[in-house]
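# A structural walkthrough
Listed below are the residues making up each chain.
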Amino acid sequence: MMRAQTHHPLDPLSAAEISVAVATVRAAGATPEVRDSMRFVEVVLVEPVKQVVALADAYFFPPFQPSLLPRTKGGGPMVPTKLPTRKARLVVYNKRSNETSLWIVELREVHAATRGGPHRGKVISSQVVPNVQPPMDAMEYAECEAVVKDFPAFREAMKRRGIEDMDLVMVDAWCVGYHSEADAPNRRLAKPLIFCRSESDCPMENGYARPVEGISILVDIQNMVVLEFEDRKLIPLPPTDPLRNYTSGETRGGVDRSDVKPLQIIQPEGPSFRVNGHFIQWQKWNFRIGFTPREGLVIYSVAYIDGSRGRRPVAHRLSFVEMVVPYGDPNDPHYRKNAFDAGEDGLGKNAHSLKKGCDCLGYIKYFDAHFTNFTGGVETIENCVCLHEEDHGILWKHQDWRTGLAEVRRSRRLTVSFICTVANYEYGFFWHFYQDGKIEAEVKLTGILSLGAMQPGETRKYGTTIAPGLYAPVHQHFFVARMDMAVDCKPGEAFNQVVEVDVKVEDPGKNNVHNNAFYAEEKLLKSELEAMRDCNPLSARHWIVRNTRMVNRTGQLTGYRLVPGSNCLPLAGSEAKFLRRAAFLKHNLWVTPYVHNEMHPGGEFPNQNPRVGDGLATWVKQNRSLEEADIVLWYVFGVTHIPRLEDWPVMPVERIGFMLMPHGFFNCSPAVDVPPSAGDLDDKEIGMPAKPIQNELIAKL
């Protein structure tokens, strides 16, 4: 077979491919002025249709799985000779014209005398998208800070607060959101938050401990000019909090704990997982890893090897596609703090390099991530994604009380993760794979609270007092997981449906004479509008994605269950401004049939978006059938954060998430074949007897 390319169709773009895509688009600019004003917001892989992925997995890339291959009309396998050329999709902002455009580029090399060099891709399409603003870029944040610090009226306002050293000032350029026509996307705007450090020679000082309030600034990010400035109210800077810092030696008492002994994770024979490029195999699981600037980590082609039944797909694509952080304080400037951290900033672009032995433990495989910067250069985040195994306590255990003989197995899980920083907060995103067929999605929240300043002696109803002159407003964190499911479906098949399960109490009567009866009741979600659902812990509500054609040994349809963790809904009123852009937060579960361009629940461009309900809330109005379809789950989960003093100066990790759990997918527990741990074997080898039976009654039995 010919190998048309070295990259699997789902591999993220390499640094070289990003360079070719950028150079191709830049060369297509009509004039030097157009080319010079191009700013590259995002360059990402155009993901191929599922049949192309199947062809690649069947014949072009290990472990070679011909069973995935679509069949011809005659019943034989469809054997390809080559795969299609990879493509890139670019979001380009024109700084001169304030226009946003989308480009599709074929990443082939064309040997011709084209402008800028001989190696070029080919532009397949380009279009200007009207009335939108793309995500902000780190370069814009830095330029915005410099512009604000250099603005004479701002310097005077800071001087009135006792600050003349602008090196102490921190300017966080938050997006304006959309609150009125003044925020319309015909201008590219930022509404910065201001903070001020107290020490010029301490780069690790917690600058968020001194918020500057009473100043209102509006910045034109396109032209980098201050449009509006007002020193509304002179609120003194909070006094320097002695507990504000979090670095080693800066904690209470000035010393760190001395009684923490080393804890080592040792795998002398290496890990149990195998990695081939971006393809992962572990404990009967296999899947691929991808990465995008917006979502960060993406998990593709998730499948389980199930004995004689072979490779059984579970999901085609898993990722976190949006997160929203609305604040509950109506005071200025906090009412405007409604961050769309994926759509306005990019989770992937804000990821960091991970450190072995700190962010992850044990035998670790790291993956780098490549991005374009604003001017079109390629940047690499080394060690961006971490892959490793973790011990996870007991997997299963039983002891026979008659004999005293016990069987116990320890659980381990494979974890794939990345961590990003968006302004003051850190978010860790994790996908855990378990030996018993479960998949867990987890988010870990940490970082520094976004604080407000108060007048001496003042208290605030909408927050927690943290220190003199400092309070932390109440807020919520919401995350949206998009799960393109494929339970027992080969590529091209659309044989899934979703049922909702509620536990019901049996009415008193002849079927419940003892008043103890309850049962699980299922309801098929037949259409999109019917599938807008909320969690209900009182009825143990959960949802099952089932295959309509595959059964287990009892004749029941095979499936995977979505089990909610702790959750909440927005506490804002129905007319809250941020809900115009975040209508998808109004329900915990949405279900749609797969459509390739339905990727972002708030629309592709939520920044300054004036359209009500753009994205998911608009798509479901079609009320498409879900009775047998290629199912996409959108699970919205969140936490209501009432800040504590213990969240200061840096917040201990809080965990939220959910579980995908096999439900009738297997004929019995898939974890019964996990062998005893090495410790159990060692005990048996040295002749340790089973626990003796001491109870007389048990002995007589």
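About the thresholds
Residues numbered from 1 in each chain as written. Predicted model: local features only at pLDDT ≥ 70, side-chain atom pairs only at ≥ 80, totals over all residues. Heavy atoms only, no water. Pairing = 2+ DSSP bridges. Helix = DSSP H or I, 4+ residues; strand = E, 2+ residues; numbered from the N terminus. Contact = heavy atoms within 4.5 Å. Axes fitted to C-alpha atoms, helices over the stretch in contact; angles between N-to-C directions. Buried < 20%, exposed > 50% of the residue type's maximum accessible area, 1.4 Å probe, protein only. pLDDT = per-residue confidence, 0-100. Patch = residues over 30% accessible without salt bridge, like charges linked within 9 Å, V, L, I, M, F, W, Y side chains within 5 Å. Areas by Shrake-Rupley, 256 points an atom, 1.4 Å probe, with all protein chains shown as cover. Salt bridge = Lys/Arg side-chain N within 4 Å of Asp/Glu carboxyl O. Phe/Tyr/Trp six-rings, centres within 6.5 Å; stacked < 30°, edge-to-face > 60°. Disulfide = S-S within 2.5 Å. Polar contact = N/O pair within 3.5 Å; in protein donor to acceptor, adjacent residues only side chain to side chain. Expected span 1.5 Å × (residues − 1). Core = buried A, V, L, I, M, F, W, Y, C linked by side-chain atoms within 4.5 Å.

Let's shift gears to the sheet that holds strand S10 (residues 225-231). Judged by pairing direction, the sheet is antiparallel, and its three strands sit side by side in the order S6-S9-S10 without closing on themselves. Two strands in the sheet have a free side with no partner beyond their single neighbour: strand S6 (189-190) and S10. Pairing between S6 and strand S9 (residues 215-220): two bridges, direction antiparallel. Each residue of the ladder has a partner; that of leucine 189, found in S9, is aspartate 220. Its contacts with the sheet place helix H5 (residues 152-160) against S9 and S10, and it is angled at close to 30° to S10.

With respect to the helices and strands, histidine 334 occurs in the loop between strand S15 (311-326) and strand S16 (338-340). When its relative accessible area of 1% is taken as the criterion, histidine 334 is described as buried.

Another point: helix H3 (residues 50-60). In terms of burial, H3 is a largely internal element, nine of the 11 residues being buried. Buried within H3 are the following residues: Lys50, Val52, Val53, Ala54, Leu55, Ala56, Asp57, Ala58 and Phe60. Tucked into the core, H3 has its buried residues touching strand S13 (285-292), strand S14 (296-305), S15 and strand S25 (475-485).

Right, let's get into the sheet that holds strand S7 (residues 193-196). Read across the open sheet, the three strands follow the order S5-S7-S8; overall the sheet is antiparallel. Both outer strands of the open sheet, strand S5 (169-172) and strand S8 (211-212), are each paired with one neighbouring strand and no more. Across two bridges, S7 lies against S8 in antiparallel orientation. Opposite isoleucine 194, over in S8, you have valine 212 as the bridge partner. Sitting on the sheet, helix H4 (residues 138-149) is in contact with S5 and S7, with an inclination near 130° to S5.

Moving on, we come to the confidence of the model for the chain. The share of residues in the chain with pLDDT of 70 or more is 92%, and the mean pLDDT across the chain is 91. Below a pLDDT of 50 lies the segment residues 110-118, which in the model reaches 14 contacts outside its immediate sequence neighbourhood of four places, other chains included. Across residues 681-690, confidence stays below pLDDT 50; counting only partners more than four residues off in sequence or on other chains, it has four contacts.

Moving on to a nonpolar patch on the surface. Together, Met204, Tyr246 and Val650 make up an exposed nonpolar region whose accessible area comes to about 250 Å². Tracing the chain through its elements places methionine 204 in the loop between S7 and S8.

The tally for this structure, following the rule as stated, stands at 24 aromatic pairs. Pairing phenylalanine 195 with tyrosine 208 gives two aromatic rings, centres 4.8 Å apart and planes at 75°, and the pair type is edge-to-face. Of this pair, phenylalanine 195 sits in strand S7 while tyrosine 208 is found in the loop between S7 and S8, placing the two residues 13 residues apart along the sequence. Take phenylalanine 195 and tyrosine 208: they sit in the same class, and that class is buried.

The subject of this paragraph is unusual backbone geometry. Geometrically, the link from aspartate 332 to proline 333 is a cis peptide bond, its omega value of 5° lying close to zero. Considering the arrangement of structural elements, one finds proline 333 in the loop between S15 and S16. Of note, the bond from tryptophan 648 into proline 649 is cis; its omega dihedral lies within 30 degrees of zero at 5°. Mapped onto the elements, proline 649 comes out in the loop between strand S31 (631-641) and strand S32 (651-663). One non-glycine residue, methionine 224, adopts positive backbone phi at about 55°.

What follows covers the state of the cysteines. Every disulfide links exactly two cysteines, by a covalent bond between their sulfur atoms. This model, assessed by the stated rule, comprises one disulfide. The thiol of cysteine 384 is not disulfide-bonded; the next cysteine sulfur, from cysteine 420, is found 9.4 Å away.

With that settled, the discussion passes to the environment of threonine 415. Mapped onto the elements, threonine 415 comes out in strand S19 (residues 406-422). On a C-alpha basis, the gap between threonine 415 and asparagine 206 in space is 31 Å, while along the polypeptide they are 209 residues apart. Residues contacting threonine 415, with those up to four places away along its chain left out, are Cys386, Leu387, His388, Glu390, Phe430, Trp431 and His432. Within polar-contact distance, the side chain of threonine 415 engages the side chain of histidine 432 at 2.8 Å.

Turning to helix H1 (residues 15-27), a few remarks are in order. Residues spaced three or four apart along an α-helix face the same direction, because each turn holds 3.6 residues. A rise of 1.5 Å per residue sets the reference length of H1, with its 13 residues, at 18 Å; its end C-alpha atoms lie 18 Å apart and thus fit the reference within 8%. Those residues of H1 lying buried are Glu17, Ile18, Val20, Ala21, Val22, Thr24, Val25 and Ala27.

Let's shift gears to the pairing of S10. Sheet topology note: the S9/S10 ladder contains six bridges and is antiparallel. Counted as the bridge partner of serine 216 is glutamate 230 from S10. Hairpin connection between S9 and S10: a loop of four residues separates the two successive antiparallel strands, and methionine 224 in this loop has a positive phi of roughly 55°.

Below, the discussion takes up the nonpolar core. In this structure, Val302, Phe429, Trp431, Phe433, Leu633 and Phe658 are the most contacted members of the largest nonpolar core, which totals 84 residues. In terms of residue count, the dominant contributor to this core is S15 (six residues). Grouped together as the second largest cluster of nonpolar side chains are 24 residues, Cys144, Ala157, Val171 and Val226 included.

One can find glutamate 500 in strand S26 (residues 496-505). Overall, glutamate 500 belongs to the buried group, its relative accessible area being 2%. Among the polar contacts listed, one links the side chain of glutamate 500 to the side chain of arginine 533, at a separation of 2.7 Å. One polar contact links glutamate 500 to tryptophan 543, side chain to side chain, over a distance of 2.8 Å. Apart from the residues within four sequence positions on either side, glutamate 500 is in contact with Glu521, Glu522, Lys523, Leu525, Arg533, Arg541, His542 and Trp543.

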